[in-house]
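Residue-level structure breakdown
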Amino acid sequence: MENNLPLDLLHWLLAITPLVLLLLMLVVFKWSGGTSGWVAMGVATLLGYFMFEAPLDNLAVGFGKGLWEAFFILLVVWFALLLYHVTDESGSFKVIREEVQNHSENYLFLVLGFGWVFASFLQGVAGFGVPIAVVAPLLVGLGVKPVAAIVIPLIGHSWANMFGTLGVGWIATINAVQIEDTTLTLLYTGILLWLPNIIGGLMICWLFAKWKGVKEGFLAVVIISVIHGGGQLAMVSFNAELSTFIPAILAFGALFMLSKRKKYREKSETEELTDILEETDSKSEEKPDISLHQAFMPYYVLSVVSIVFLGIGPIQSFLDQFQIGPSFPAVETGYGFEMEAEEAYSPISPFTHPGFYLLVSVIFAFFWYKHLGLHHKNTTQNVFSGLKDNALGASLAITGFLTMTMIMENAGQTNVLALGIAEVSPPAVYAGLANVIGIIGAFMTSSNTSSNVLFSPLHGSVVNSMEGLSLPLVIAAQSTGGAIGNVIAPANIVLGTSTANAQGRESEVYKVTLIFALIAGVSVSAVTVLLHFIGG
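Sequence order as written defines the numbering, with residues in each chain counted from 1. In keeping with the model being predicted, local features are shown solely for residues with a pLDDT of at least 70 and side-chain atom pairs are shown and tallied solely at 80 or more, while totals for entire chains, interfaces and linings include all residues. Values shown for side chains rest on all heavy atoms present in the structure; no hydrogens or waters enter the calculation.

As annotated in an unreviewed UniProt entry, the protein is L-lactate permease from Oceanobacillus polygoni. UniProt positions are given in the numbering used here, feature names are shortened, and annotations may be inferred rather than shown by experiment. UniProt, in the comment section headed Sequence similarities (unreviewed entry), describes the protein in these words: "Belongs to the lactate permease family." According to the UniProt record, the Subcellular location (unreviewed entry) comment for the protein reads "Cell membrane".

Dropping the structure here:
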């Protein structure tokens, strides 16, 4: 793509300004997601028009694309909120909390099981925010404080982003850039993704009870990480599409075996040390007279429907035929940066969209709990009242985030960010920073897949012009960065605060997720540079 994008320091700083401003508003000023998102979008629009020579039609197309991308995510948000409120109104969370303790009274083990293993499984099969939208309220139901309930699945599912949703990230990547040695790319990616996996498990233990939590959970973390990360690394070269899904299922078997150990079955002193659990008087709680399996049935339905519709190839292929996507014209900036016309932009397949599985689960949950006699006079009214209260803020915030992202992409600001880094980086440094570019991409788009589609072609161009740089290693680092970046993506965090009833507390979530992103990001960059010299 021939263009004359300005790659000087001034324009690079201007290009990153909306992202920095967004973080400041969310973390430092503690503004709401809606206000922060729309202010950042306005700044990106003004910079695009005045400094990057993007005409009004270009900005309008970017805004339209952002609205469509937001709609994709909001389908998950709205139906996840409905599932939460239907389940909550039935009293089933109280049943889940009490009955789960019959299998294990060790809360650290339960938090790892839901926040790491179950969240990874959901990412493996469904993805697109489902792990946060489903697991965060489940953890709240188990007695975990809302902010911790959001942070834990965000961290726990991150490693599974690239090859989750049955490999959609990988499929999109190889369609976006020509990679000659895919086997080496997959090998590098498997190695690097193991890092956020084990760091995530250990950090969940740390959040629970600092070093005491790490000590108590260490055995479980090592065993599960060997299954998660090691299993993915072993499988990825010959079946990338199932390399997350199968290890995520096998990890449930490990959980079952570990739950037989006294150490993970009984209460421990860590529960006295932790500050992430709510103080509740269990005697005062009235719970429905139903079993754990009856209470959890809608989540079984969600898992089974997702596996059947996405995991069975012929069914998925048939359902994928039905797609909806708006058309957009080609646009160009004054610097010659072009965006091609789209006949069907980012089409949604209604029957393979994760929102559809959530909707099926909502409908089932409503009639299932009614069948069990758990409805009362105001059930329907309370469910939709709760949806309205939670959904409005989330919808405004996510729309602001995504329209900002697409306006920046259309105006060329996103390309200036990546190409500016390439301009001043020797091969080893660029290899290490490819992970950072992936994090930035996922922060902007709330998607590992979108981050790779956005930046992989740029990496291909840089590798062709920079001697000694390995495209397989750069794509692996980019992909791992995209996985890590999901942990700090504003849309994902708002998704969590909405479904865990913690609106306005995004800054508290960021205090932890930014630390994880920093630790995981530095670790991945260091190993990437090491692999660069070994491979070179």
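Some words on the packing of aromatic side chains
Within a pair of aromatic rings, the relevant descriptors are the distance that separates the centres and the angle that separates the planes. Here the aromatic set is Phe, Tyr and Trp, taking the six-membered ring for Trp, and pairing holds for ring centres within 6.5 Å; pairs whose planes are under 30 degrees apart are stacked, those over 60 apart are edge-to-face, and all others are tilted. Within this structure, the stated rule accounts for 27 aromatic pairs. Taking 6.3 Å as the distance between ring centres and 65° as the angle between the ring planes, the aromatic pair formed by Phe 71 and Trp 78 counts as edge-to-face. Buried, partly exposed and exposed residues are distinguished by accessible area as a fraction of the type maximum, computed with a 1.4 Å probe on protein chains only: under 20%, between the cut-offs, and over 50%, respectively. Its relative accessible area of 27% is what places Trp 78 among the partly exposed residues. Taken together through their ring pairs, the aromatic side chains of Phe 114, Phe 118, Phe 121, Phe 245, Phe 252, Phe 296, Tyr 299 and Tyr 300 make up a single cluster. Charge-over-ring contacts are defined here by two conditions on Lys NZ or Arg CZ: a distance within 6 Å of the ring centre and an angle within 35 degrees of the ring normal. Stacked on the ring of Trp 206, the Lys or Arg Lys 210 has its end atom at 5.7 Å from the ring centre.

Re unusual backbone geometry
At Glu 53, a residue that is not glycine, the phi angle is positive and equals roughly 55°. Considering the arrangement of structural elements, one finds Glu 53 in the loop between helix H2 (33–50) and helix H3 (56–90). Unusually for a residue other than glycine, Ser 346 sits at a positive phi of about 40°. For Ser 346, the position within the fold is in the loop between strand S2 (338–339) and helix H15 (354–371). Note on Ser 346: relative accessible area 28%, which makes it partly exposed. Only DSSP runs of H or I with at least four residues qualify as helices, and only runs of E with at least two residues qualify as strands; both kinds are numbered from the N terminus onward.

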